[in-house]
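Tertiary structure, described
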Amino acid sequence: MARLVFSYKGCSGFPKTGLWGLISSAPLKATRGGSALTYPTKNFISTQRIITSKVACRRSSLSLLSPAVRDKQAIRRLICSVATQPISTEAKMEAPKEIFLKDYKMPEYYFDKVDLNFSLGEEKTFVSSKIVVYPRIEGVSSPLVLDGHDLKLVTIKVNGEELKKEDYNLDSRHLTLSSPPSGTFTLEIVTEIYPQKNTSLEGLYKSSGNFCTQCEAEGFRKITFYQDRPDIMAKYSVRIEADKSLYPVLLSNGNLIEQGELEGGKHYVLWEDPFKKPCYLFALVAGQLESRDDKFVTRSGREVALRIWTPAQDLPKTVHAMYSLKAAMKWDEDVFGLEYDLDLFNIVAVPDFNMGAMENKSLNIFNSKLVLASPETASDADYAAILGVIGHEYFHNWTGNRVTCRDWFQLSLKEGLTVFRDQEFSSDMGSRPVKRIDDVSRLRNYQFPQDAGPMAHPVRPHSYIKMDNFYTVTVYEKGAEVVRMYKTLLGSQGFRKGMDLYFKRHDGQAVTCEEFFAAMRDANEANFHNFLLWYSQAGTPSVKVTSSFNAEAKTYSLKFSQEVPPTPGQQVKEPMFIPVAVGLLDSNGNDIPLTSLYHDGMLESISASGQPVHTVVLQVKKKEEEFVFSNISERPIPSILRGYSAPIRLESDLTDSDLLFLLAHDSDEFNRWEAGQVLARKIMLNLVADFQQSKPLILDAKFVDGIKSMLCDPSLDKEFIAKAITLPGAGEIMDMMEVADPDAVHAVRSFIRKHLASELKAEFLSTVESNRSTEPYVFNHNNMSRRALKNTALAYLASLDDPEITSLALHEYKSATNMTEQFAAMAAIAQNPGKARDDVLADFYSKWENDYLVVNKWFALQAFSDIPGNVENVKKLLNHPAFDMHNPNKVYSLIGGFCGSPVNFHAKDGSGYRFLGEIVVQLDKINPQVASRMVSAFSRWRRYDATRQAAAKEQLEMIMAANGLSENVFEIASKSLAA
Ligand code: B3K
Ligand code: ZN
C-alpha cells in the first residue's frame, strides 16, 4: 500500500512508487571523489566560470556520459544548448553530484535546540532560526557547512554578533562558516523565501490558498540554512505569525503552547515538540481549514486528541480516515505494544502533494486522495488505500520518527519496516490471503522490472544523485519483504522480541540497517549468516527446484539451486539466505505431517513440540542445496514458497496437472492462487509465441474448466475468486520475455479474456446477478468481496462487445449506489469504442465535474485505454479545463495512466514516446519530482525491439539535451541511457 500511491491497474511502464534508480556504471563512477557530472544547463554554471564551464562541459560531457549518449548528434545538441545560454548572475549552481554511502561521515556539529519563527506573507515569507550548536568534539573547530537552496540570506549572527561577508561563504547550495566557535554557540539566521512561487511542492509552498510543507528528503534546506541530514536531531519550537482572516489555522509539530492576536489583523501561535527529531519531520500548515475531532485513549490511559483538517466542504468525507487512524492506534498497541506519545495527533489533507502522505511528527500531511472518501465518490480500492496509508504514516511514529535513519541510504530501515507493518495491519483488518496476493502482485509488476533494469539498486542503495529518486518499489516493497523474512524465520514471537530490543536499544537515535538486523539476531540468538546480502545485492534471485521421490526409502528430496542476476555495477553475486516455506500434499489434497528432514549431513526432527507440522521453512543458503524429507509414503505434490516466503523468482518441475491439483487443494491460499498464475503465465507465453508466428490462438480447455470451477465454488472467498480468475498483467508477461512485445501480449490477453467470457458467459452473468445488493455501502471484507467478484465478471462480459452486455453494464452504471460499482460499470463499457462509451464518459463527467478526485478517475480511465491511437485523445485532455499540470494527482492520472497502456505508450510509430518526451521537458520546469516519476516510464527501453528502442532513445536524448534539466530527471534519464 503505497505511501507514494498511484497505481494503474496492469500498468507496465509506470511504476507505482515512482522513481528508482542506481547505477554505478563507468560514466557515473567518474563522479567519485567530488568531481561532478557536467550538466547541460545554464543553471549549473557559475558566473565566475563561464568560459571554463563551456570547455569543461564539452570535455566531461564526452568523457562522462555513456556510449549511448555519446551519439554525435546528441553531443552537438548538448554543447549548443550550453554555449547559447545566457548566463544569469543569479545562477550560481553546482553540477549534479553523486553521493556515496561509503563516504558517510559523522557530523562535526550537532544541533541541540532549534527555535523557528515564520512570518507568512503574500509576497514573501521570513524565516528566522535560532539554533544551539555544539561541536562533536568539544574544543575542536571545523567548518560548519549548512545546506540551503533557493534561499535569500537576510542576516546571520553567531552568539548575537552579526557576521560580516568575509566570515562566511555562500554558494547556490551551501552556507559555510569556516571557523565557528569550538564550544557550544548560538547561530541565528534570517532568510527570505517565496512559497507562492514554489511549484516543486518541496519545502514551504501553497496548495489551494493554504501554506504547507514537505521536507523529506531534503526539502528543509528550501526553508532555512540547516544541516539537512537525518542524523541531526534536535528539539524544535515554532512560532508562526500570519494574517488571521486568510490563515485562521496555524499548525506545527508537538504541543500548542501559546497563541494570541497581533496588530494589523494578524495572529500568532507557538508550538513546541518535546521529542528530538530530524528536520525532515518538521511541518507547518496555515490556512482556512476545519477539523473533524475525535479522541483515542491509549492503553496506559493517555487521552489523545485526534484532528483531521480539510477545507470545510470536505469534512463529511473524513469519517473513514478517522476510523482508520483509531484502528491503527489500537492495532499498534495490540500487536507491537507501541503507544502514541503526545496528547495531539493532527492530519491535514492537501490537494497538491507529490506523494501519498508524510509522517511529520504529530502533524501528518496527506494527499487529499488518501483522506477523503464517501461511498458515492471513493472506490473500495480508495477506502483500502486510505486505511493502509493512514496506518503507515501513523506507524512511522515509532518506526521512523522515534527511531530514524542515520543517512538516506538507510531509508528502507524505516520504509521497508513500516510498509511491512501497514501490510500486516491491513491483513488483520481484512483478508490476509487477499492482501498477500495484492502485495506480491505489486512486487512482481513493479519491483521485479525495476530489479531487472537500468535502475536496479539494492534495498540499501550505494549511491544517489537525488535522494527523491530512491523512494522506490525496491526500498519500500522489497524492503518490506526483507522484514517479512525475519518474521518467517523467527516466528511471530521471535520477531516481536527483535522489535522490542530494537526500540530498547535505539529509541531517540538515528541508526542503520545493521542495527535492525543485530536486534533481530541478538533477541533470538539466531544465526543469520549471509542475510545482510538482502540489503546490499540488487537483482531478484532466481531459484530452481527439482524434486524426486524414493518409494523404497520413503524419502522425498527437493534440490535447490540459486542465481542472482548481474545488475548495473554488480556483475558478480554471492548466494543469498532464502527462507523457503514448504508443505507436501498427499493424493487426496491433504497436508502430509512432516516429521524429519535430512540436510547437510544431519537428520533433524521437525515436530519439536509433538504437534504435527504441515509447513517447514527451509533455509536455502548455498548456490546448490538439497533437503530430504523422510517418512513420506507416497509421491507428494509439493507446495513450495508458501505465503511467498521470499522475494524470488521460482522455477519448479511441477507439471500442469500438479499445478491444477494445487489450485484445487492447497491449504496455503496464496499458493493456491499462485498455482493458477503459474499456469496462466505458461499459457500466455505459449500463446504469445503462437501469435508472433501467426499461428491460430487456441486456449486449453482445461484452463477454461479450471477458471469455471473457481468461479462456481461457493466455498471460496469471493475476493479470492476475483483474484484467481484475473490473468497476470501484461507487464508481468512482458517481463518474462527476451524481447518484450506489447502488441502480442495485449492481443493474447484480450483473446483469452474474450474466449473465457464467451465460454463462461452464463456463469459470469449469474455471478453479476447474484452479487447485486441494494444495501447501503459498507467497507468490510464481505461486501468488498462481493463487489470485486461482480465487477470482475462484468469486465469479462464487456470484453465481448455485445449490445446485450452493454445494456447490462449501463443498467449497473445507472443503478449503482457507490463509486466502486459505478466506476466498474463505466470501465466495462469504456473497453469498446463507440457511442455507448462516449455517452457514459460524458455523463460521468457532468455528474462529478465538481469533485476533483473523481474527475481524476475519469482522466485515468481514458488515459489508460488500449483503444488504438488513444494518444490523440490524451493530448486533447491536456487542454481540458479540469486538467492542470501543476497538480501531481492530475499528472499521475492522465500522463501516468497513459504510460500504463502497453499498446499506446509503446505504439510502434513512436507517438507515445514522443508525447511523454515533450511532457517530461515541460513538467520538469514545474515540478522535477513529478517529471522524474514520469521519465522513468522510459527506463526499460532496451527491453523492446529495435524500432521502439530507437524511438525511446531519441526521446531520452532529447530530454538530456533540454535546457535547465533538473537533477531528478537527469539522474533517471542518464542512467537509463547509460545502462
Ligand atoms: N516518508 C514519506 C515519503 C517522502 C518522499 C520524499 N520524496 C512518505 C512515507 O513513505 O511514509
Ligand atoms: Zn513511509
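Residues numbered from 1 in each chain as written. Chains lettered and ligands numbered in written order. Predicted model: local features only at pLDDT ≥ 70, side-chain atom pairs only at ≥ 80, totals over all residues. Heavy atoms only, no water.

The name an unreviewed UniProt entry gives the protein chain is Puromycin-sensitive aminopeptidase, with Aquilegia coerulea as the organism. What UniProt states about the protein chain under its Cofactor (unreviewed entry) heading is, verbatim, "Zn(2+)". The annotation that UniProt attaches to the protein chain under Sequence similarities (unreviewed entry) is "Belongs to the peptidase M1 family." (UniProt positions renumbered as here; feature names shortened; annotations may be inferred.)

Looking only at helices and strands, one finds 29 helices and 33 strands in the protein chain. Computed over the C-alpha atoms, the radius of gyration of the protein chain is 28 Å, within 12% of the 30 Å expected from 2.2 N^0.38 for a compact globule of 979 residues. Taking the principal axes of the C-alpha coordinates as reference, the protein chain spans close to 85 × 70 × 65 Å. Out of the 979 residues belonging to the protein chain, those deemed buried represent 61%. For the protein chain, restricting intrachain contacts to residue pairs at least 6 apart in sequence, the fraction spanning at least 24 positions comes to 73%. (Helix = DSSP H or I, 4+ residues; strand = E, 2+ residues; numbered from the N terminus. Rg over C-alpha atoms; globule rule 2.2 N^0.38 Å. Buried < 20%, exposed > 50% of the residue type's maximum accessible area, 1.4 Å probe, protein only. Contact = heavy atoms within 4.5 Å.)

Turning next to the UniProt feature "domain: Peptidase M1 membrane alanine aminopeptidase" (unreviewed entry) in the protein chain. Under the present numbering, the feature "domain: Peptidase M1 membrane alanine aminopeptidase" (unreviewed entry) in UniProt falls on residues 322–531. The span residues 322–531 carries 55% helix and 10% strand; its end-to-end C-alpha distance comes to 39 Å.

With that settled, consider the sheet that holds strand S2 (residues 109–119). Spatial strand order, S6-S5-S9-S3-S2-S12-S15-S14: eight strands in an open sheet with mixed pairing. Edge strands, defined here as strands with exactly one partner in the open sheet, are strand S6 (161–162) and strand S14 (255–262). In terms of strand pairing, strand S12 (residues 233–243) meets strand S15 (residues 266–278) through 10 bridges, oriented antiparallel. What sits directly across from Asp-243, in S15, is Lys-266. (Pairing = 2+ DSSP bridges.)

Another point: the coordination of the zinc ion (ligand 2). Surrounding the zinc ion (ligand 2) are the protein donor atoms His-392 (NE2), His-396 (NE2), Glu-415 (OE) and Glu-415 (OE), at 1.9 to 2.8 Å. What the six donor atoms of the zinc ion (ligand 2) show is an angle range of 52 to 161° at the metal, which sorts the shape as irregular. All donors to the zinc ion (ligand 2) come from one chain, and their sequence spacing reads H-x3-H-x18-E. As far as burial versus exposure is concerned, His-392 and His-396 are alike and both buried. (Donors = N, O, S within 2.8 Å, 3.2 Å for Na, K, Ca; no water. Tetrahedral: all angles 85-135°; square planar, octahedral: opposite > 155°, others 65-115°.)

Turning our attention to the site of ligand 1. If you check the shell around ligand 1, you find 16 residues, and the closest are Glu-216, Ala-357, Glu-359, Glu-393 and Tyr-476. At a separation of 2.8 Å, an oxygen atom of ligand 1 approaches a polar side-chain atom of Glu-393. Note that an oxygen atom of ligand 1 is positioned 2.5 Å from one of the side-chain N or O atoms of Tyr-476. Expressed as a share of its isolated accessible area of 330 Å², the protein-covered part of ligand 1 is 99%. (Near = heavy atom within 4 Å. Polar contact = N/O pair within 3.5 Å; in protein donor to acceptor, adjacent residues only side chain to side chain. Areas by Shrake-Rupley, 256 points an atom, 1.4 Å probe, with all protein chains shown as cover.)

Once that is clear, we can look at the sheet that holds strand S10 (residues 203–207). Strand order in the open sheet formed by four strands is S10-S11-S16-S13, with antiparallel pairing between adjacent strands. Edge positions in the sheet fall to S10 and strand S13 (249–252), since each has one partner strand and no second. Sheet twist, expressed as the average angle between the axes of neighbouring strands with direction ignored, equals 20°. Pairing of S10 with strand S11 (residues 210–214) involves five bridges; the strand directions are antiparallel. Of the residues in S11, the one forming a bridge with Tyr-205 is Cys-212. (Axes fitted to C-alpha atoms, helices over the stretch in contact; angles between N-to-C directions.)

This brings us to the domain arrangement of the protein chain. Often the size quoted for an interface is simply the accessible area lost on bringing the parts together. Along its sequence, the protein chain is organised into domain 1 (1–97 + 904–979), domain 2 (406–536), domain 3 (550–627 + 637–652) and domain 4 (688–831). Distance from the C-alpha centre of domain 3 to the C-alpha centre of domain 4: 35 Å. (Domains from an automatic or database assignment.)

The subject of this paragraph is the nonpolar core. In terms of nonpolar packing, the biggest core is built from 287 residues, with Phe-118, Phe-629 and Ile-752 touching the most fellow members. The greatest single-element share of this core, amounting to 14 residues, is contributed by helix H8 (residues 473–506). The residues touching Ile-752, leaving out its near neighbours within four places in the chain, are Ile-683, Met-684, Leu-687, Leu-699, Phe-703 and Leu-727. (Core = buried A, V, L, I, M, F, W, Y, C linked by side-chain atoms within 4.5 Å.)

According to the stated counting rule, one finds 49 aromatic pairs in the structure shown. Judged by centre distance (6.3 Å) and plane angle (55°), the ring pair of Tyr-471 and Tyr-476 falls under tilted. Tyr-476 matches Tyr-471 in its accessibility class, with the two residues each being buried. Just above the ring of Phe-100 sits the side chain of Lys-102; from NZ or CZ to the centre is 4.9 Å. (Phe/Tyr/Trp six-rings, centres within 6.5 Å; stacked < 30°, edge-to-face > 60°. Lys NZ or Arg CZ within 6 Å of the ring centre and 35° of its normal.)

Let us look at the environment of Leu-315. Locating Leu-315 in the fold gives a position in the loop between strand S18 (303–310) and helix H4 (319–336). Exposure remark for Leu-315: the relative accessible area of 15% places this residue in the buried category. Once the C-alpha coordinates of Leu-315 and Ala-722 are considered, the two residues, 407 residues apart in sequence, prove to be 33 Å apart. If sequence neighbours within four positions are ignored, Leu-315 has contacts with Glu-290, Ser-291, Arg-292, Ile-308 and Thr-310.

Bringing the pairing of S18 into the picture now. In this sheet, S18 lies alongside strand S17 (residues 290–297) in antiparallel orientation, the contact comprising eight bridges. Of the residues in S18, the one forming a bridge with Asp-293 is Arg-307. The hairpin formed by S17 and S18 contains five residues between the paired strands, and Gly-301 there has a positive phi angle of roughly 95°. Across five bridges, the pairing between S18 and strand S19 (residues 344–350) is parallel.

With that settled, the discussion passes to helix H24 (residues 888–899). Extensive coverage of H24 is indicated by the burial of 12 of its 12 residues. On its buried face, H24 sits against strand S21 (363–367), helix H22 (852–863), helix H23 (870–878), helix H25 (902–905), helix H26 (911–926) and helix H27 (928–935). The backbone nitrogen of Asn-889 lies 3.1 Å from a side-chain oxygen of the residue at the head of H24, namely Asn-887.

The end-to-end C-alpha distance of H22 is 16 Å, a good match for the 16 Å that 12 residues give at a rise of 1.5 Å each. Burial of H22 is extensive: 11 of the 12 residues sit out of reach of the surface. Every buried residue of H22 is listed here: Leu-853, Val-854, Val-855, Asn-856, Lys-857, Trp-858, Phe-859, Ala-860, Leu-861, Gln-862 and Ala-863. Against helix H5 (380–395), helix H20 (819–830), helix H21 (835–848), H23 and H24 lie the buried residues of H22. (Expected span 1.5 Å × (residues − 1).)

Its place among the elements puts Asn-818 in the loop between helix H19 (803–815) and H20. Judged by its relative accessible area of 4%, Asn-818 is buried. The contact partners of Asn-818, leaving out residues within four places of it in the chain, are Pro-375, Glu-376, Tyr-777 and Arg-787.

Going through the model one piece at a time under the given rule, you end up with 71 salt bridges. A salt bridge links Lys-708 to Glu-763; the shortest N-O distance between them is 3.7 Å. In this pair, Lys-708 is assigned in helix H13 (residues 701–711) and Glu-763 in helix H17 (residues 761–770), connecting sequence segments 55 residues apart. Given a relative accessible area of 36%, Lys-708 falls into the partly exposed group. Close ionic contact of Asp-843 with Lys-847 constitutes a salt bridge, the shortest N to O distance being 3.0 Å. On the criterion of helical spacing, the pair formed by Asp-843 and Lys-847 is a turn pair, its members being four residues apart in helix H21. By relative accessible area, Lys-847 is classed as partly exposed at 45%. (Salt bridge = Lys/Arg side-chain N within 4 Å of Asp/Glu carboxyl O.)

The next subject is the packing of H26 against helix H28 (residues 946–960). Two numbers describe how H26 lies on H28: the axes approach to 9 Å, and their chain directions differ by 10°. Judged by the angle between their axes, H26 and H28 are roughly parallel. The element H26 and its partner H28 pack so that their crossing is right-handed. Residues Tyr-913, Arg-914, Gly-917, Glu-918, Val-920 and Val-921 of H26 form the contact with H28, whose own contacting residues are Arg-948, Ala-951, Ala-952, Gln-955, Met-958 and Ile-959. In terms of residue class, the contact of H26 with H28 is built from seven nonpolar, two polar and three charged. (Parallel < 35°, antiparallel > 145°, perpendicular 65-115°, else oblique. Left-handed = near helix turned anticlockwise from the far one by under 90°. Nonpolar A, V, L, I, M, F, W, Y, C, P; charged D, E, K, R; others polar.)

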